[in-house]
Amino acid sequence: MAQGDRYVYDPAHGAGLGEHHAGQLLADRPAQPGQVADAMRGTLAMIEPSKAQQAKLDAFLGRTMADLDMTAGTQVVRLAQSDHPDAAHRAEEEQATGLVVLGWTDRHGDERVTSVTPEYFAEHFAAVQA
Amino acid sequence: MSTIAAGQLMEYAEKQALAATFLKTQSPATGSTFLHLLTNAASGSVDNTWVLISSATVYAATGYSPVTFGPTTPTSASPSVISNTSTLTFGPFTAGTGATVIWGALGDSATPGSANFICAFLLTSSRTPANGDSLQAAASAFTCQV
């Protein structure tokens, strides 16, 4: 990563990014609607899943919006300023939208890309010293 | 208007695939492709002759950003299919929510105005995220065939 492209989400309010904007806890909001969960369970059932496969699907379908949130302390990369292969694409996106585009890894190990307003970024993200 | 009702290659991609496989032209260099979200209606509102993703109605909540698709290797079967390798998650969305997401749209840029429209995917279940929500799709949820 290029120097100066790394930040940490460090809000004074201490809430997750989504939680703060929702104004409430997100743990009671399932990440997948029932229709999707039923379809995925039905598809997996057709191949007689192993216990491990079943457990993996159950864990995926058991996620809530809180599980997918960006929590305080999350390290992020401002992609447009980094040496990421998509940096030029993200710089163009920032210019087109006026938002700051951040890459990060969520608690499940999934790569994420999230945009925030420049004002929110300036107020709640702190640069990580190299 | 030539509309599509399910996920399929758009005209731009069909032409690229034909030209490449018939050795008429060289395929574009490898690079990232990006999955955008659209709010167009499920039926009669996505035209497969559209060249750019900006021709569609792109989801525009703050927090949203198109994600890198990360395609699998096409399957050894006929029809051969290609899909997303990993879980794809958008958001969390923080403002400007309320629109319903109905389509995924694959492009070769993260900016709709410069993204060639490669493929459109109709979501199994449309979603209307609220502030604070994320939108997650499992690996192989988005599948395309020629």
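Here, the structure is the one placed above.
Remember, predicted model here, so these are calculated numbers, not experimental data.

Visitor: Tell me about the nonpolar core, and name the residues and values.
Guide: Note on soluble globular proteins: their nonpolar side chains tend to be buried together. Residue and element names in this part refer to chain B. One finds L35, F90, F121 and F142 to be the most contacted residues of the largest nonpolar core, which totals 23 residues. Residue assignment for this core shows that the elements contributing at least two residues are α1 (11-21), β2 (34-38), β5 (88-90), β6 (101-107), β7 (117-127) and β8 (135-137). Sorting elements by how many residues they give to this core places β7 first, with 4 residues.

Visitor: Can you explain unusual backbone geometry? Please cite residues and give values.
Guide: All names here are of chain B. Note that the residue after S78, namely P79, is joined by a cis bond; omega there is 5°. Note on placement: P79 falls in the loop between β3 (67-68) and β4 (81-83). That bond from G91 to P92 is cis: its omega, 5°, falls within 30 degrees of zero. Tracing the sequence through the fold places P92 in the loop between β5 and β6. In this structure, S140 takes a positive phi of about 70° despite not being glycine. If you trace the backbone, S140 turns up in the loop between β8 and β9 (143-145). Using a relative accessible area of 42% as the deciding quantity, one classes S140 as partly exposed.

Visitor: Help me get a handle on the interface of chain B and chain A, residues and values and all.
Guide: The interface of chain B with chain A comprises 31 residues on the first partner and 34 residues on the second. Taken together, both faces of the contact between chain B and chain A bury some 2500 Å²; the carbon and sulfur share is 49%. Taken together, the links from chain B to chain A amount to 1 salt bridge. Along the contact surface separating chain B from chain A lie 17 residue pairs in polar contact (both at pLDDT 80 or more).

Visitor: Which residues make up the pattern of salt bridges, and what values go with them?
Guide: All names here are of chain A. What the rule picks out here adds up to 7 salt bridges over all chains. Between R63 and D110 there is a salt bridge, with the nearest N and O atoms lying 3.6 Å from each other. Of this pair, R63 sits in the loop between α3 (51-61) and β2 (75-78) while D110 sits in the loop between β3 (100-105) and β4 (111-116), and the two are 47 residues apart along the sequence. Just as R63 is buried, D110 falls in that class too. E94 is the salt-bridge partner of R78, the closest N and O atoms lying 2.9 Å from each other. Pair noted here: R78 is in strand β2 and E94 is in helix α4 (residues 87-97), with a separation of 16 residues, a long-range link. Across the pair, exposure class does not vary: R78 and E94 are buried alike.

Visitor: Outline the packing of aromatic side chains, listing residues and values.
Guide: All names here are of chain A. A full pass over the atoms with the stated rule returns 10 aromatic pairs over all chains. Note on Y9 and Y120: the rings are 6.3 Å apart at their centroids and 35° apart in plane angle, and the pair reads as tilted. Of this pair, Y9 sits in strand β1 (residues 6-9) while Y120 sits in helix α5 (residues 118-124); the two residues are 111 residues apart in sequence, bridging distant segments of the chain. Note on Y9: relative accessible area 0%, which makes it buried. With 5.4 Å between their ring centres and 25° between their planes, F121 and F125 make a pair best called stacked. Both residues of the pair, F121 and F125, count as buried. Pairwise contacts between aromatic rings join Y7, Y9, Y120, F121 and F125 into one cluster.

Visitor: I'd like to hear about the pairing of β2 of chain A, residue by residue, with values.
Guide: Within a regular strand, side chains alternate between the sheet's two faces. Residues and elements named next belong to chain A. As defined by bridge partners, β1 adjoins β2 across 3 bridges and the pair is classed as antiparallel. Note that in β2 the partner of V8 across the bridge is Q75. One ladder, built from 3 bridges, connects β2 with β3; its direction is antiparallel. When the sheet's bridge partners are listed, R78 is paired in β3 with L102.

Calculation rules
- Residues numbered from 1 in each chain as written.
- Chains lettered and ligands numbered in written order.
- Predicted model: local features only at pLDDT ≥ 70, side-chain atom pairs only at ≥ 80, totals over all residues.
- Heavy atoms only, no water.
- Core = buried A, V, L, I, M, F, W, Y, C linked by side-chain atoms within 4.5 Å.
- Buried < 20%, exposed > 50% of the residue type's maximum accessible area, 1.4 Å probe, protein only.
- Helix = DSSP H or I, 4+ residues; strand = E, 2+ residues; numbered from the N terminus.
- Contact = heavy atoms within 4.5 Å.
- Buried area = accessible area lost by both parts, 1.4 Å probe.
- Salt bridge = Lys/Arg side-chain N within 4 Å of Asp/Glu carboxyl O.
- Polar contact = N/O pair within 3.5 Å; in protein donor to acceptor, adjacent residues only side chain to side chain.
- Phe/Tyr/Trp six-rings, centres within 6.5 Å; stacked < 30°, edge-to-face > 60°.
- Pairing = 2+ DSSP bridges.

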